Amino acid sequence: PIDTDSMFKQGFLNDVYKERPVKPVITRFPPEPNGHLHIGHAKAIAVNFGFARYHGGYTYLRMDDTNPESEEEEYFTSIEETVRWLGFEPYKITYSSDHFDTLYALAEKLIEQGNAYVCHCDDQEVKKQRGGEKGASPRYRCEHANQSVEENLKKFRAMRDGEYKPREAFLRMKQDINDPNPQNWDLAAYRVLNKPHHRTGDKWVIYPTYDFTHCLCDSFEKITHSLCTVEFFLSRTSYEWLNQRLVEYQPMQREYGRLSIEGSVLSKRKLKELVDKGIVRGWNDPRLHTLIAIRRKGVPPGAILEFVNELGVTTTNSIIQMSRFEQTIRRYLERTVPRLMLVLDPVPVVLESSEFEGTDLTVPFSPKNPAMGDHKIKFSQTVYIDRSDFREVDSKDYFRLAPGKTVGLLQAPFPITATSFTKDETTGLVTEIKAVFDRSGKKPKTFIQWVPAESAGSKRCEARIYNSLFKSNNPTGAEGGFLSDLNPDSEIIYPNALVESGFDEVRKRAPWPEAAGEDKLGKGGPESVRFQGMRVGYFAMDSDSTDDKIVLNRIVSLKEDKEK
Ligand code: ATP
Ligand code: MG
Ligand code: MG
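Each chain has its residues counted from 1, following the order in which its sequence is written. Chains and ligands are labelled by the order in which they are written, letters from A for the one and numbers from 1 for the other. At least 70 in pLDDT is required for a residue's local features to be given in this predicted model, at least 80 for side-chain atom pairs to be given and counted, and no such filter applies to totals for whole chains, interfaces and linings, which use all residues.

Definition in use: UniProt positions are given in the numbering used here, feature names are shortened, and annotations may be inferred rather than shown by experiment.
As named in an unreviewed UniProt entry, the protein chain is glutamine--tRNA ligase, taken from Podospora anserina. Its UniProt record gives the protein chain a comment under Catalytic activity (unreviewed entry), which states: "tRNA(Gln) + L-glutamine + ATP = L-glutaminyl-tRNA(Gln) + AMP + diphosphate". The UniProt entry for the protein chain carries this comment under Sequence similarities (unreviewed entry): "Belongs to the class-I aminoacyl-tRNA synthetase family."

## Describing the overall build of the protein chain
This is how the line gets drawn: Secondary structure is summarised from DSSP: a helix means a run of H or I of at least four residues, a strand means a run of E of at least two, and numbering begins at the N terminus for each. Here a residue counts as buried when 20 or more other C-beta atoms sit within 10 Å of its C-beta, as exposed when there are 12 or fewer, and as partly exposed otherwise, the C-beta atoms being derived from the backbone. We call two residues in contact when their backbone-placed C-beta atoms lie within 7 Å.
Along the protein chain, the regular secondary structure elements total 14 helices and 27 strands. Each of the three principal axes of the protein chain carries a C-alpha extent, and together these read 100 × 50 × 40 Å. Here the protein chain, with 564 residues, has 43% of them falling under the buried criterion. Contacts in the protein chain between residues at least 24 apart in sequence constitute 70% of all its contacts with a sequence separation of at least 6.

## Focus on the sheet that holds strand β13 (residues 342-343)
Formally: Here, strands pair whenever DSSP counts at least two bridges between them. For helices, the axis comes from a line fit to the C-alpha atoms of the stretch in contact; other axes are also lines fit to C-alpha atoms, and the angle between any two N-to-C directions lies between 0 and 180 degrees.
Read across the sheet, seven strands follow the order β12-β25-β26-β27-β23-β24-β13 without closing on themselves; strand pairing throughout is mixed. The sheet terminates laterally at β12 (339-340) and β13, the two strands that pair on one side only. Examined bridge by bridge, strand β26 (residues 537-541) and strand β27 (residues 550-556) share four bridges and lie antiparallel to one another. Residue pairing for β27: Tyr538 is matched across the bridge by Val556. Across the sheet, helix α13 (residues 322-336) is in contact with β25 (530-533), β26 and β27; its angle to β27 comes to roughly 120 degrees.

## With respect to the pairing of strand β1 (residues 26-29)
To keep things clear, this is the line we draw: When the strands point away from the viewer and the path from the first strand over the helix to the second turns clockwise, the crossover is right-handed.
Here β1 shows a buried face lined by Ile26 and Arg28 and a second buried face lined by Thr27 and Phe29. In terms of strand pairing, β1 meets strand β2 (residues 58-63) through four bridges, oriented parallel. Within β2, the residue paired with Arg28 across the bridge is Tyr60. Once the chain exits β1 it traverses helix α3 (residues 39-54) before rejoining the sheet at β2, and the crossover so formed is right-handed.

## A word on the domain arrangement of the protein chain
Where the parts come together, the accessible area they lose is often given as the size of the interface. Applicable threshold: Source of the domain bounds: an automatic or database domain assignment.
The domain boundaries assigned to the protein chain delineate domain 1 (100-209) and domain 2 (347-355 + 376-452). Taking the mean C-alpha position of each, domain 1 and domain 2 sit 76 Å from one another.

## Quick word on the nonpolar core
Heads up, the rule is: By convention in this section, buried Ala, Val, Leu, Ile, Met, Phe, Trp, Tyr and Cys residues joined through C-beta atoms within 7 Å make up a nonpolar core.
Judged by nonpolar contacts, the single largest core of 100 residues is most densely connected at Ile45, Leu342, Val343, Ile385, Trp450 and Ala497. Top contributing element to this core by residue count: α3, with nine residues. Excluding residues within four positions of it along the chain, Ile45 makes contact with Phe29, Val83, Leu86 and Phe88. Ranked by size, the runner-up nonpolar core spans 34 residues in total, among them Met159, Leu171, Trp185 and Tyr239.

## Points about the pairing of β25
It is a general feature of regular strands that their side chains alternate between the two faces of the sheet. Burial along β25 is two-sided: the residues Arg530 and Gln532 and Phe531 and Gly533 are all buried. Where β12 and β25 come together, two bridges link them in parallel fashion. When the sheet's bridge partners are listed, Leu340 is paired in β25 with Gly533. Summarising the sheet, β25 and β26 pair through four bridges and their orientation is antiparallel. Bridging from a neighbouring strand, Gly533 pairs with Gly537 of β26. Between β25 and β26, which follow one another and run antiparallel, lie three residues, and Arg535 among them has a positive phi close to 70 degrees.

## Structural notes on the site of ligand 1
Cut-off, in case you're wondering: We call a residue near a molecule or strand when its C-beta atom, built from the backbone, sits within 6 Å of it. The nonpolar class holds Ala, Val, Leu, Ile, Met, Phe, Trp, Tyr, Cys and Pro. Asp, Glu, Lys and Arg form the charged class, and all remaining residues, Gly among them, are polar.
The full set close to ligand 1 counts 14 residues, and Pro31, Gly40, Ala44, Thr229 and Arg258 are the nearest of them. Those elements that provide at least two residues to the shell around ligand 1 are α3, β8 (225-229) and β10 (259-261). For the shell around ligand 1, the element with the highest residue contribution is α3, accounting for four residues. Classifying every residue of the shell around ligand 1 gives six nonpolar, five polar and three charged.

## Some words on the packing of helix α8 (residues 210-220) against helix α9 (residues 235-246)
So the rule is basically this: Oblique is the label for any angle not under 35 degrees, not over 145, and not in the 65 to 115 range, which are roughly parallel, roughly antiparallel and roughly perpendicular in turn. Left-handed is the label given to a crossing in which the near helix is rotated counterclockwise from the far helix by less than a right angle, and right-handed is the label when the rotation is clockwise.
Closest axis-to-axis distance for the α8/α9 pair is 9 Å, and the angle between their directions is 60 degrees. As far as their axial angle goes, α9 and α8 are oblique. Note on packing geometry: the crossing formed by α8 with α9 is right-handed. Contacts from Asp211, Phe212, Cys215, Leu216 and Ser219 of α8 reach α9 at Ser235, Ser238, Tyr239, Leu242, Asn243 and Leu246.

## Topic: the sheet that holds strand β18 (residues 406-409)
The sheet built from seven strands is open, its strands ordered β21-β18-β19-β20-β14-β17-β22 with mixed pairing. A strand with exactly one partner marks an edge of an open sheet, and here the two such strands are β21 (447-448) and β22 (450-452). Bridge analysis of strand β14 (residues 346-351) against strand β20 (residues 430-437) gives three bridges, and the strand direction is parallel. Paired with Leu351 across the strands is Ala435, a residue of β20.

Structural data, given as structure tokens:
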């Protein structure tokens, strides 16, 4: 069984609970719907949804949609689906924009208290007021801070009524510019943005900022523990400042470390460039680290949750090596998926006799877990092995197939010894191998995977093997930028791979109930058809598959590989 709860039992998250040991715990996951979620968000989802679930509470999925410029329908849908895919059910899906009326009224209240003013300064001037380039010069306020409440109200309503163009006026909180915390230096609360909003249409031409909106929405939803990432640590001050002035219910913000993975690019702008330039197949290309990409590749949601739990939650940001993520996935798949034989680059081996033609071999789906059951493979006189398992010239330190050399075929009645081979003179590739059974009873040094002929049930498929999209571990820092760091071998396609007939049953039974927790997670999609291709790696069915054509993605290799 997977453990996804130990992160709540000790350490940071346990301390956070002890600070406010209430029931029910109410949390929120508040993505900005301006892009697809990425691996870092999986941590945020696991932390927020998991924390509430662990303490018997519930979680809002709140679309933080206060920035109409960058929101698109596609993202709303994808975010919701991804949360469910990870096994969490939002208590309600809410939108910050649902509260635009209330937020506006509270902004007027703040003005009436003398705690906000309409400012007309430009960015450069504001920067100077806040201490200049390095924040080293003395801070000061502009004359707008001295306007009367009436004047501020009048101007704020004029902002609302469209009488100012963007940047001509904005509402600022009147905080404490002498405090060393920059989040206290008269932050923006509302700005003019002449953009229609996804949900409120043309109703508003002013929109509240994150700093103004987030804390208040947390209060409206009675959030008990508002968990966010450490870059918001200083924002806790303005969070509490505003809530104390404007609302009764006081939520509590606490901050945990961000998760990122070495060698992956997560910034939306960079991802867009990779997509637009056709370098990858789309936002869900298996080489990316958006959650839709990780899902498509075949990584089970349970493995992601296990990964986050294993890393634990502290207040420091962490950059995790890709190999560590892959190791968790591998370990998870090792326990949960059936095994099959898959040959990426098939070469026919014609056996001496048809003695075993049509014989059913009974093969377990997992040598370690009998509960997974078994399936049949039909033997045939012609079998296929992988090109990389044959050498035209034998050598002493080589233990697979070569003329005169014997190798075991996994699950087959006898090992085989190659006798001769033919070659295509133009391509230089071996086209056929002839072999005999080795009935000596000697156990061969190596067993290789093979599949019977298509007439005996094997299926053609396209197999896509993925490697890191970038050559270096730090593509963003690469000389010439991340686009100069592309790995030419990030995707290797085997168009004529063959998978044994057991694939049909794996497909029918997916997702495998033996997979801990897997039965409720990620049901239905092609990616839940997963198996270990013996000696090749873990695979899942790609969404490009059709009734006539199977496409497989390699999720991870069997062992940590040298290739990069
Ligand atoms: P990005 O700029 O990478 O999209 P973000 O902070 O803008 O990240 P939001 O959509 O605002 O993303 O994030 C929703 C929630 O997810 C926030 O609470 C945020 O703190 C959290 N989050 C975002 N990125 C990470 C990460 N790498 N690790 C952990 N939590 C994250
Ligand atoms: Mg954000
Ligand atoms: Mg974001």
